[in-house]
Amino acid sequence: MGLSNYVANSRIAQPGVCTSTTRPATPFEGQVIYETDTDKVLVYNGSAWRPIGGLLPGCSVTRTTNQSITNAAYNSISWDSELFDTDAMFAPTTTNITINTAGLYLMTLQMSYASNATGDRITVIEKNATAAGNGTFLARTIQDAVGSDATFLSIVTQARLAVNDTVRATVYQSSGGSLNTSNGAGDLCFTVSMIGWS
């Protein structure tokens, strides 16, 4: 039996071509497919499809203009610019980043408020919120206001996230009135990057 007959009659076969909704119903461990709608090559590990090569899922968003933050209330940051997005996780002018590939994610948030010496500033990364402040808080930082300069806050955290989970940046300030975010270079940035599989 020649090699071509062996390959044709075994589980060692050429990669299948499909879409993300027409993957093989009964895949075998080691099976490779190419999804035309996502432009990804995936391998089945016995329990889930995993990308081969390329970049791991990740997204980084920023805001290019100030956003007014209401006093004494949670507000979600509405992002308006993408720095990168390798897994269709973000739609511009929205608050959420949506997870399309389950795994362990590293999240970093850089936040800046305009100069004002009154009250506290709070920054939160929350999961699956339907309104600002009603999701699961994954991480939170609190700082007294700095009067002579902008008040900067940052968060770095990890979490296991499932497909269709959402994460957002939520902020709170108690200056006594509305207060703008600051939008200098790097002042407002939210990055969510996969660092491992679930």
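Figured I'd write up the structure that's included with this text. (Residues numbered from 1 in each chain as written. Predicted model: local features only at pLDDT ≥ 70, side-chain atom pairs only at ≥ 80, totals over all residues. Heavy atoms only, no water.)

1. A few points about the nonpolar core
Core analysis: the biggest nonpolar cluster contains 28 residues, and W79, I97, M107, F190 and V192 have the highest contact counts within it. Within the residue set of this core, elements represented by two or more residues are β5 (58-62), β10 (103-113), β13 (151-161), β14 (166-173) and β16 (189-196). Residue contributions to this core peak at five residues, all from β10. Beyond its immediate chain neighbours, meaning those up to four positions away, F190 contacts C59, S60, V61, W79, I97, M107, T108, L109, I125, V167, R168 and A169. One finds C18, I33, L42 and Y44 within the second-largest nonpolar core, a separate group that totals five residues. (Core = buried A, V, L, I, M, F, W, Y, C linked by side-chain atoms within 4.5 Å. Buried < 20%, exposed > 50% of the residue type's maximum accessible area, 1.4 Å probe, protein only. Helix = DSSP H or I, 4+ residues; strand = E, 2+ residues; numbered from the N terminus. Contact = heavy atoms within 4.5 Å.)

2. Comments concerning the environment of I155
Topologically, I155 is positioned in strand β13. Once residues lying within four places of it in the same chain are set aside, the contact partners of I155 are M107, T108, L109, T123, V124, I125, A139, R140 and T141.

3. Observations concerning the pattern of salt bridges
Proximity of charged atoms lets side chains of opposite charge pair with each other. A complete count under the given rule lists two salt bridges for this structure. For the salt bridge of E35 with R23, the shortest nitrogen-to-oxygen distance reads 2.5 Å. Residue E35 is found in strand β2 (residues 32-35), and its partner R23 is found in the loop between β1 (16-18) and β2; the two are separated by twelve residues along the sequence. Overall, R23 belongs to the partly exposed group, its relative accessible area being 34%. (Salt bridge = Lys/Arg side-chain N within 4 Å of Asp/Glu carboxyl O.)

4. Points about the layout of surface pockets
Quantified by volume, the largest pocket comes out at close to 320 Å³. Forming the boundary of the largest pocket are 16 residues, of which R23, K40, D87, N100 and T101 lie nearest the centre. Taken together, the elements giving at least two residues each to the lining of the largest pocket come down to β3 (40-44) and β4 (49-51). When residues of the lining of the largest pocket are assigned to their parent elements, the largest contribution, three residues, is made by β4. Looking at the lining of the largest pocket residue by residue, the classes come out as six nonpolar, five polar and five charged. Taken as a whole, the second largest pocket holds about 150 Å³ of empty space. Forming the walls of the second largest pocket are 13 residues, and the residues nearest its centre are K40, P51, G53, L55 and T86. A class-by-class count of the residues in the lining of the second largest pocket yields six nonpolar, four polar and three charged. (1 Å grid on protein atoms, 1.4 Å probe; cavity = no way out; pocket = protein on both sides within 12 Å on 5 of 7 lines; lining within 4 Å. Points joined across faces, edges and corners; volume = space filled by probe spheres on them. Nonpolar A, V, L, I, M, F, W, Y, C, P; charged D, E, K, R; others polar.)

5. Remarks on unusual backbone geometry
Despite not being glycine, D39 has its phi angle at roughly 60 degrees, a positive value. When you line up the elements, D39 lands in the loop between β2 and β3. When its relative accessible area of 58% is taken as the criterion, D39 is described as exposed. A positive phi is found at N128, a non-glycine position, where the angle reads about 55 degrees. Among the structural elements, N128 can be located in the loop between β11 (120-127) and β12 (136-144).

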